[in-house]
Amino acid sequence: MDDRVVNSGGSGSGRPARQINIVLRSSEPLALASSSPPQLESEPAPSARPLPPNDPFLDIQRELDPMVGLENVKQLIYEIYALLQISRMRSEAGLSGGSHVYHMIFTGNPGTGKTTIARIVAKLFQKMGVLSKGHMIEVERADLVGEYIGHTAQKTRDLVRKALGGVLFVDEAYSLARGGEKDFGKEAIDTLVKAMEDNRNQFVLILAGYPLEIEQFLMTNPGLPSRFPIQIEFPDYSVDQLIQIAELMAKDRDYTLMPQSVFKLRQHLMLEKTMSMFAFSNARYVRNIIEKAFRHQAVRLMGQHPVGSPGKQELMSVRPEDLKWEK
């Protein structure tokens, strides 16, 4: 899950190398000089029309709405849905529906929602008839790369076969190119590229990883960037959003973070984000803290109430002393 996305890129049209690039900018407002007229970067996006009760996008919307941030990612998913709907209407009107490619690249740090969004995308494509099954096969380098010549290609083909009708999600995809020309990872890349051609429109390939590493990975094969028409950057969460995520996680389990606990967590997250800019795991880090807090709260209550049961309010309250982390 991710930081708030402020500006969305537009989608290209028509040509095989069509790309939809999401350009993310700081969420802080720019200070404008009083003598300068305000500049509008783009026209506001048209509001989505109300969905009928049986619309296939309703289930997708229910999953997206509670997610913190990700506003432009949500907008992009709606754009894909709208494109599919209009393509169907065009076909019914005797017009060309067009052939679109939906392979994607997700870039961002750990814990920014890439895997969650990939699962939602798979479900959307299944509901809209693009994919027959809508399942997701999640793999990494070790699942694709074999130990001897020819082994990698077979392993990769087997996984593509399992992903047919759904999404093949390759996490830390850049690791496939780390070993150079003689590494078996290059064989996995070549096999994936061939599978995209041989199984056109039968599965969607999503590559995910850190932004810089993914950029370097795409440079290893000149034909790669044009094969992924949808590229989305998942930014880190702000501290406010991480606090919101923590409170939602607690609420979902019938816990309440006390105001002093929220203050303590906020101070810690501000420090942690500053100290570990390249290793901070965002929502994943918060989830681990909250899970530990539940365990620490349980130990504290057992000690405070050796006989009998704590009151309901006590059972729900996560106090500052329950929040502990490595020094």
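Residues numbered from 1 in each chain as written. Predicted model: local features only at pLDDT ≥ 70, side-chain atom pairs only at ≥ 80, totals over all residues. Heavy atoms only, no water.

- As annotated in an unreviewed UniProt entry, the chain is AAA family ATPase from Paenibacillus rhizovicinus.
- Quoted straight from UniProt, the Sequence similarities (unreviewed entry) entry for the chain says "Belongs to the CbxX/CfxQ family." (UniProt positions renumbered as here; feature names shortened; annotations may be inferred.)

**Regarding the packing of helix α8 (residues 239-252) against helix α9 (residues 259-275)**
And then number 1: Relative to each other, α8 and α9 sit at 135°, their axes nearing to 10 Å. In this view, α8 runs oblique relative to α9, as classed from their interaxial angle. By crossing handedness, the relation of α8 to α9 is classed as right-handed. Listed contacts from α9 to V239, D240, L242, I243, A246 and E247 of α8 are V262, L265, R266, L269, M270 and K273.
And then number 2: In terms of residue class, the contact of α8 with α9 is built from eight nonpolar, no polar and four charged. (Axes fitted to C-alpha atoms, helices over the stretch in contact; angles between N-to-C directions. Helix = DSSP H or I, 4+ residues; strand = E, 2+ residues; numbered from the N terminus. Parallel < 35°, antiparallel > 145°, perpendicular 65-115°, else oblique. Left-handed = near helix turned anticlockwise from the far one by under 90°. Contact = heavy atoms within 4.5 Å. Nonpolar A, V, L, I, M, F, W, Y, C, P; charged D, E, K, R; others polar.)

**Observations concerning the confidence of the model for the chain**
And then number 1: Averaged over every residue, the pLDDT of the chain is 82; the share at 70 or more is 82%.
And then number 2: Counted against residues more than four places away or in other chains, residues 1-47, with its pLDDT under 50, gives 82 contacts. (pLDDT = per-residue confidence, 0-100.)

**A word on the packing of aromatic side chains**
And then number 1: The tally for this structure, following the rule as stated, stands at seven aromatic pairs.
And then number 2: Through a chain of ring-to-ring contacts, the aromatic side chains of F57, Y78 and Y81 assemble into a single cluster. (Phe/Tyr/Trp six-rings, centres within 6.5 Å; stacked < 30°, edge-to-face > 60°.)

**Re empty space enclosed by the protein**
And then number 1: Per the stated rule, a full pass over the model turns up one cavity of 30 Å³ or more.
And then number 2: Its volume calculated, the largest cavity comes out at about 50 Å³.
And then number 3: Lining the largest cavity, in full, are L176, I189, L192, V193, M196, L205, L207, F217, L224 and F228.
And then number 4: For the lining of the largest cavity, the elements supplying multiple residues, two or more each, are α6 (184-198) and β5 (204-209). (1 Å grid on protein atoms, 1.4 Å probe; cavity = no way out; pocket = protein on both sides within 12 Å on 5 of 7 lines; lining within 4 Å. Points joined across faces, edges and corners; volume = space filled by probe spheres on them.)

**Remarks on the pattern of salt bridges**
Oppositely charged side chains can form a pair if their charged atoms are brought close together.
And then number 1: Applying the stated criterion across every chain, the model contains 14 salt bridges.
And then number 2: Note that D59 is salt-bridged to R62, the shortest N-O span being 2.5 Å. You can see D59 and its partner R62 sitting in helix α1 (residues 57-64), three residues apart, about one turn around the helix.
And then number 3: With a relative accessible area of 53%, R62 lands in the exposed category.
And then number 4: Residues K123 and E63 are paired through a salt bridge, measuring 2.5 Å at the closest nitrogen-oxygen approach. Here the residue K123 occupies a position in helix α3 (residues 114-127), and E63 occupies one in helix α1, the gap between them amounting to 60 residues.
And then number 5: Under the relative-accessibility criterion, K123 is labelled partly exposed at 33%.
And then number 6: Through salt bridges with shared partners, a single network forms among D59, R62 and K127. (Salt bridge = Lys/Arg side-chain N within 4 Å of Asp/Glu carboxyl O. Buried < 20%, exposed > 50% of the residue type's maximum accessible area, 1.4 Å probe, protein only.)

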